[in-house]
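# Topology and contacts: notes
Each chain is listed here by its residues.
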Amino acid sequence: MAIHKSELNTAAVEVESISKRFGEAGRPNRLMPWRKVKKPKLALDQVSLHVETGRITGILGANGSGKSTLIRILATLLTPDEGSASVFGYDVVSQADAVRRHINRVSVEASFFKEMSPWENMLYAGRLYGSGGDGTRDRVEAMLERLGLPLDTLDKPMKQLSRGQQQKVAIARSFLTSPSLLLMDEPTTGLDPRSKREVQELVRSIRRDRAATVLLCTHDLQEAEVLCDRVVVIDQGRVLADGTPTELIRMHAGKTDGSLEDAFMALTGKRLEEDEEEKEE
Amino acid sequence: MTGNTLRWELNAFVGFIERQKNLYRRYWAWEAVWLLYNLVSVLSIGYLAAGLSTLGLEQGQANLHQTQLYLLVGALLWTYLSLVFFEIAFAITWERWEGTIEYTFMAPIKRLTHLLGVSAASLLYGMARTAIIGIGVVLLFRIDLSHANWLTALAIFAAATLPLLGLGIFTSILPLLSPEKGEQMAFAVQGVLLLISGVYYPITVLPGPLHLAGILSPLTYTLDGIRESLLHGLSLAGALPDIGILLLMGVILVPASVYFFRRAEIRAKRLGLLKRSG
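In this text, all values refer to a predicted model and were calculated from it rather than measured experimentally.

### Quick look at the overall build of chain B
Within chain B one finds 11 helices and 0 strands. Secondary structure of chain B in N-to-C order comes out as α-α-α-α-α-α-α-α-α-α-α. Against the compact-globule benchmark of 19 Å for 278 residues, chain B has a radius of gyration of 20 Å, which places it among compact chains. Considering only C-alpha atoms, chain B reaches an extent of 65 × 40 × 35 Å along its principal axes. Residues counted as buried form 44% of the 278 residues belonging to chain B. Taking the intrachain contacts of chain B between residues at least 6 apart in sequence as the baseline, contacts between residues at least 24 apart amount to 81%.

Have a look at this one:
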């Protein structure tokens, strides 16, 4: 849904000192008291963030750094334990309905009804966001064509599509609802280089053509460097740095010809590639 | 609710019915297997009744034809009620399994629209599937329904929809509370309803606490009323007490179940239980 003029002057996302733990500390199971109480995991620790409208902001962090938790809180799928978060001025907990009208999300897993076709999945998504009537099929076809997806895949079951094709449908699904804020959680993970470039070009076009705000969680340093106006480095649930890619490199890379990877290593003490390798193992 | 909001919610409501229709169509082979399973279950009950005479129960001791009708109506109605109950109760489990649950919960629609949309699709599908089985049963057992009062049966059937929705929504809360165990708990609830609701026997044969539970189950009044109208031509006026009880139960159960669903949703969001992995 398009944002109102009054909302244009508001920050797209405002996060104030939010914390989130998983596992309830000190609360033994009353029904089964012999069960061990799990140690709570601190996923976000006093995170604050300000995202300007119409920008692409990258959240850069390793696995388990809290990126997805942050995205889920903004998507109204999780509630923070402490602090507050708002989207275009609407609180994600108390005004969740208003927030949902402005957002959509692309997650790392393309989540679909696997037996249903891309068209049936898109039609369902459209219905939940107020469209789905005449002209929807044409819009879906145009969008998928733009993403380089053959139109003969439109009526095949999703399970017959490749991972890259499924992810393109997921992106098209989020565009179909014309969100003012698009939450993208590692949207290009697992895509081949060509698909990755097509998706990245599309992300740029959203900002250019629709003045939408994009919050992009990524592992991909090169992607963050070329795509994001601003990058927030997050590790173990804490924000370590926040600035343009150039600023981060200048302030943290430790050398004049450094890269975002150097800056990330200096800030977190780890390489994202190592993290990826661990994940694959 | 303004006109625009109503249109928005109605559009989403249609979306859920459309989605379920597409899923039934895409999973047609599995649906055919379930249909066969339901048909076989109902036929087994029919033949059980037909075989009572060979188990020492002679003609005259009981009206075997009436017994057969009693059991067949119970089996058919249970097929319908359990299917609708199952479809509503497993709406959350199903979406978690597909991995779409977060997308549905993130959509800008009322939870009531979501639950009613899934429920409406289940009711329509349940009716279609039970009708197919019913036709097979009538043809195979040459059931005499000449005394049936169809209008009364339909009125009770319609009134039973509300409490059935309430029970289904209540049970669909279980997978929200526990992603791992919720599904099994829903099966247990279904089993208890079968025991206490007089599907194959009058609830008067149940011991005290179970009898009391049977009185509180809306399915008891549904089965009782429809049986009476199909087998003994119960008039609409005569069915009014049952219809009244069912409507009252519905008026209590539906809002209460939606309220508790919302509470469970809030809890799931606090504990991070909406994810596919739980």
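### Re the overall build of chain A
Along the backbone of chain A there are 11 helices and 10 strands. In chain A, buried positions account for 46% of the 281 residues. By sequence separation, contacts in chain A at least 24 residues apart represent 69% of the contacts at least 6 residues apart.

### Structural notes on the sheet that holds strand S2 (residues 41-51) of chain A
All names here are of chain A. With antiparallel pairing, the 4 strands of this open sheet are ordered in space as S2-S1-S4-S5. The open sheet has two edge strands, S2 and strand S5 (90-91), and neither has a second partner. Inspection of the sheet shows strand S4 (residues 82-87) paired to S5 by 2 bridges, in the antiparallel sense. Looking at S5, one finds that Val-87 is bridged to Tyr-90.

### So, the domain arrangement of chain A
Think of interface size as the accessible area that goes away when the parts come together; that is how it is often given. All names here are of chain A. Each domain of chain A was delimited in the assignment, giving domain 1 (5-27 + 40-102 + 180-280) and domain 2 (114-178). Averaged C-alpha coordinates put domain 1 and domain 2 at centres separated by 26 Å. Listed by partner, the interface residues are 10 residues for domain 1 and 9 residues for domain 2. Per element, the largest residue contribution to the side of domain 1 that touches domain 2 is 5 residues, and it comes from helix H7 (residues 193-210). In terms of residue class, the side of domain 1 that touches domain 2 is made up of 5 nonpolar, 2 polar and 3 charged.

### Topic: unusual backbone geometry
Residue and element names in this part refer to chain A. Non-glycine residue Gln-46 carries a positive phi angle of around 55°. With respect to the helices, strands and loops of the structure, Gln-46 is situated in strand S2. Of the residues examined, Gln-46 has 14 C-beta atoms within 10 Å and is grouped as partly exposed. A positive phi angle, near 45°, is found at Ser-178, a position not held by glycine. Tracing the chain through its elements places Ser-178 in the loop between helix H6 (163-176) and strand S7 (181-185).

### A look at the packing of helix H3 (residues 64-89) of chain B against helix H8 (residues 182-196) of chain B
Residue and element names in this part refer to chain B. Look at H3 against H8: their axes get within 11 Å of each other, and the N-to-C directions meet at 155°. Taken together, the axis directions place H3 and H8 in an arrangement best described as roughly antiparallel. Crossing geometry of H3 relative to H8 is assigned as right-handed. In contact with Trp-78, Ser-82, Phe-85, Phe-86 and Ala-89 of H3, H8 contributes Ala-186, Gln-190 and Leu-194. Among the residues forming the contact of H3 with H8, the class breakdown is 6 nonpolar, 2 polar and no charged.

### Digging into the sheet that holds strand S6 (residues 103-106) of chain A
Residues and elements named next belong to chain A. Strand order in the open sheet made by the 6 strands is S6-S7-S8-S3-S9-S10, with mixed pairing throughout. Of all strands in the sheet, those bounded by a partner on one side alone are S6 and strand S10 (238-243). Strand after strand, the sheet turns through a mean of 15° between neighbouring axes, direction not considered. Both S7 and strand S8 (residues 213-218) contribute to a ladder of 5 bridges, which runs parallel. Directly across from Leu-181, in S8, lies its bridge partner Thr-213.

### Looking at the interface of chain A and chain B
Taken residue by residue, the interface counts 26 residues in chain A and 25 residues in chain B. Mapped by element, the contributors of at least two residues to the side of chain A that touches chain B are helix H3 (96-100) and helix H4 (118-128) of chain A. No other element matches H4(A), which puts 5 residues into the side of chain A that touches chain B. When the residues that make up the side of chain A that touches chain B are grouped by side-chain class, the tally is 12 nonpolar, 5 polar and 9 charged.

### Re helix H10 (residues 260-268) of chain A
Residues and elements named next belong to chain A. Considered for burial, the residues of H10 that qualify are Leu-260, Ala-263, Phe-264 and Thr-268. Taken around the axis of H10, the buried residues stretch over an arc of 110°, which confines them to a single face. Gly-269 sits one or two positions beyond H10 and adopts a positive phi of about 75°.

### Concerning the environment of Ala186(B)
Residue and element names in this part refer to chain B. Looking at the secondary structure, you find Ala-186 in helix H8. Put simply, Ala-186 and Ala-268 are 82 residues apart on the chain and 18 Å apart in space, counted from C-alpha to C-alpha. Residues within four places of Ala-186 in sequence aside, it is in contact with Ala-89, Phe-90, Thr-171 and Leu-174.

### Looking at the nonpolar core
Leu74(A) and Val87(A) are the most contacted members of the largest nonpolar core, which totals 148 residues. Among the elements that take part in this core, H3(B) stands out by supplying 15 residues, more than any other. Each of domain 1 (5-27 + 40-102 + 180-280) and domain 2 (114-178) of chain A accounts for three or more of the residues forming this core. Those residues within four positions of Leu74(A) in sequence are excluded, and the remaining contacts are Val13(A), Ala85(A), Val87(A), Val92(A) and Leu183(A).

Cut-offs applied
Residues numbered from 1 in each chain as written. Chains lettered and ligands numbered in written order. Predicted model: local features only at pLDDT ≥ 70, side-chain atom pairs only at ≥ 80, totals over all residues. Helix = DSSP H or I, 4+ residues; strand = E, 2+ residues; numbered from the N terminus. Rg over C-alpha atoms; globule rule 2.2 N^0.38 Å. Buried ≥ 20, exposed ≤ 12 C-beta atoms within 10 Å, placed from the backbone. Contact = placed C-beta atoms within 7 Å. Pairing = 2+ DSSP bridges. Domains from an automatic or database assignment. Nonpolar A, V, L, I, M, F, W, Y, C, P; charged D, E, K, R; others polar. Axes fitted to C-alpha atoms, helices over the stretch in contact; angles between N-to-C directions. Parallel < 35°, antiparallel > 145°, perpendicular 65-115°, else oblique. Left-handed = near helix turned anticlockwise from the far one by under 90°. Arc of directions from axis to C-beta. Core = buried A, V, L, I, M, F, W, Y, C linked by C-beta atoms within 7 Å.

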